[in-house]
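Each chain, letter by letter, is given below.
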Amino acid sequence: MKILLLGDFSSLHTNLFKGLKFLGHDVHLASTGDGERNLPRTHDIGFKANKYRLIQGLNRIDVEMNFLKSLGKYDIIQIINPGILSKFHIKNPYEILRKKAKKLILLSAGADNKFNEAIQNNLFKYGYKFPKGGLSSRLNRNENYLLDNVDGIISTSYSYMKAYKNHPRFIDNIRFPIIVPNKPVFLKRKNKFTFFHGIQLSRYLEKGSNFIEEGVSELNPKWKLDNKFLFLKTIPFKQYLEFLNQIDCVFDQAYGYEPGMNALICMSLGKIVFGGCEKEYLDTFNTNMPPLINIRPDKDSIKNAVEKFLEKPEHVPKLSRRAYEFVNKHHDHIEITQKYLKTWNQI
């Protein structure tokens, strides 16, 4: 099949692209590179930044429209998020994509207006946070057209499924694809651990980074003295993967019922991850054995989780192996790619 994957977050489409290539498909990936992560792509739709928002917005529209006009026909066009293209296009970009795709698929991956609507309707035990003015529960006309005209909507996690499961075009939930190492390196019991949290300044509150920093700051002084805690801004993805070699434990995010792409990548490397791991999420796997350490958007929750972990270092090898085995069993990128192909073919 000839396939276009449009947009990328945290290497979701990158990993699916590699799976499709491996299985012999003609696949293209168009994205901005997900900002500073600079993810690989076959078509770059990044636009020039400008201190004047109007000029930057026009640059974006120009790049996107030139790209859309250059496209041929595809068997599958999959859009990672309804807000991946500018909402200020005069000519609806999704109408162009609709005409170029035999099957047009929308993923629910990353925060979008429908997800925000679910939060406002109290579908979650605790609310997620979005930058003021960043997202609205109201869909713009282009996104409304997309939701009404796709051939199917696929969610990528428990939380996104909750937001979309009652939509008439929702068809399936397919888990995140992860490229799992063949020879994992498991953590051993040790007396000193290095913790890491990557901070995206534009999503500081959205990810609950404020709670993570506050929770760490209130740790018992002996834990802060005996262990290393690193808080760094977003770095290119390739550099990030190399950096993880120095890390034992990773804070993913304080909001969320489940691990996201970054958390799963770290777990596939045998890292101890602190992030979302609620009972509702575990129930979808019919297990009560958490593969990561659950935290919530509360500084005491995070402080207590870290101190409890540090008090029992003898559990580290078991936790490290469990994290890897969970991802290997449920998120292998080739198996996930095959699920995508099966779902597309059934539409």
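The rules behind the values
- Residues numbered from 1 in each chain as written.
- Predicted model: local features only at pLDDT ≥ 70, side-chain atom pairs only at ≥ 80, totals over all residues.
- Heavy atoms only, no water.
- Phe/Tyr/Trp six-rings, centres within 6.5 Å; stacked < 30°, edge-to-face > 60°.
- Helix = DSSP H or I, 4+ residues; strand = E, 2+ residues; numbered from the N terminus.
- Buried < 20%, exposed > 50% of the residue type's maximum accessible area, 1.4 Å probe, protein only.
- Salt bridge = Lys/Arg side-chain N within 4 Å of Asp/Glu carboxyl O.
- Axes fitted to C-alpha atoms, helices over the stretch in contact; angles between N-to-C directions.
- Parallel < 35°, antiparallel > 145°, perpendicular 65-115°, else oblique.
- Contact = heavy atoms within 4.5 Å.
- Nonpolar A, V, L, I, M, F, W, Y, C, P; charged D, E, K, R; others polar.
- Pairing = 2+ DSSP bridges.
- Right-handed = clockwise from strand over helix to strand, strands pointing away.
- Arc of directions from axis to C-beta.
- Disulfide = S-S within 2.5 Å.

Scanning all chains against the criterion turns up 20 aromatic pairs. Centre to centre, the rings of Phe 195 and Phe 229 are 4.6 Å apart; their planes meet at 15 degrees, and the pair counts as stacked. Residue Phe 195 is located in strand 8 (residues 194–199), and its partner Phe 229 is located in strand 9 (residues 228–233); the two are separated by 34 residues in the primary sequence. Each member of the pair, Phe 195 as well as Phe 229, carries the same accessibility label: buried. Through a chain of ring-to-ring contacts, the aromatic side chains of Phe 193, Phe 195, Phe 229, Phe 251, Phe 274 and Phe 309 assemble into a single cluster.

Okay, the pattern of salt bridges next. Inspection of the entire model under this criterion finds 12 salt bridges. One salt bridge in this structure joins Lys 102 and Asp 75, with 3.2 Å as the shortest N-O distance. One end of the pair, Lys 102, is in strand 5 (residues 101–108); the other, Asp 75, is in strand 4 (residues 74–79), and 27 residues separate them in sequence. Classification of Lys 102 by relative accessible area gives exposed; the value is 65%. Its salt-bridge partner being Arg 321, residue Glu 325 comes within 3.9 Å of it at the nearest N-O pair. You can see Glu 325 and its partner Arg 321 sitting in helix 13 (residues 316–330), four residues apart, about one turn around the helix.

The angle between the axes and the distance between the axes are what describe a pair of packed helices. Viewed as axis vectors pointing N to C, helix 1 (residues 12–22) and helix 14 (residues 333–346) meet at an angle of 80 degrees, and their least axial separation amounts to 9 Å. As summarised for this structure, helix 1 and helix 14 are arranged roughly perpendicular, according to the angle between their axes. For the pair helix 1 and helix 14, the contacting residues are Leu 12, Asn 15, Leu 16, Lys 18, Gly 19, Leu 20 and Phe 22 in the first and His 333, Ile 334, Thr 337, Tyr 340, Leu 341 and Trp 344 in the second. Residue composition of the contact of helix 1 with helix 14, grouped by class: eight nonpolar, four polar and one charged.

With burial as the criterion, each face of strand 6 (residues 152–155) is covered, one bearing Gly 152 and Ile 154 and the other bearing Ile 153 and Ser 155. Note that strand 6 and strand 7 (residues 170–173) share three bridges and pair parallel. Of the residues in strand 7, the one forming a bridge with Ile 154 is Asp 172. Handedness of the strand 6-helix 6 (residues 158–164)-strand 7 crossover: right-handed.

Before going further, it helps to examine helix 5 (residues 141–149). Turning to helix 5, its buried residues are Asn 142, Glu 143, Leu 146 and Leu 147. The arc that holds the buried residues of helix 5, viewed along the axis, is 135 degrees, so those residues lie on one side. Tucked inside the fold, the buried residues of helix 5 contact strand 4, helix 3 (93–100), strand 5, helix 4 (113–120), strand 6 and helix 6.

Strand order in the open sheet formed by seven strands is 3-2-1-4-5-6-7, and the pairing between neighbours is parallel. Taken across any chain shown, the strands that pair with only one partner, and hence form the sheet edges, are strand 3 (43–44) and strand 7. As paired elements, strand 4 and strand 5 share five bridges and run parallel to each other. Directly across from Ile 77, in strand 5, lies its bridge partner Leu 104.

Another point: the sheet that holds strand 11 (residues 272–275). Ordered in space as 9-8-10-11-12, the five strands form an open sheet in which the pairing is parallel. On the outer flanks of this sheet lie strand 9 and strand 12 (293–294), each paired with one strand and no other. Here strand 8 pairs with strand 10 (residues 249–251) via two bridges, running parallel. Across the sheet, the residue bridging to Phe 195 is Cys 249, located in strand 10.

Our focus in this paragraph is the state of the cysteines. Evaluated as defined, the whole model comprises zero disulfides. Between Cys 266, a cysteine without a disulfide, and Cys 249, which holds the nearest cysteine sulfur, the sulfur-to-sulfur distance is 11 Å. In this model Cys 277 remains outside any disulfide bridge; the closest cysteine sulfur is found in Cys 266, 15 Å from its own.

Worth remembering: the numbers are spatial, not functional.
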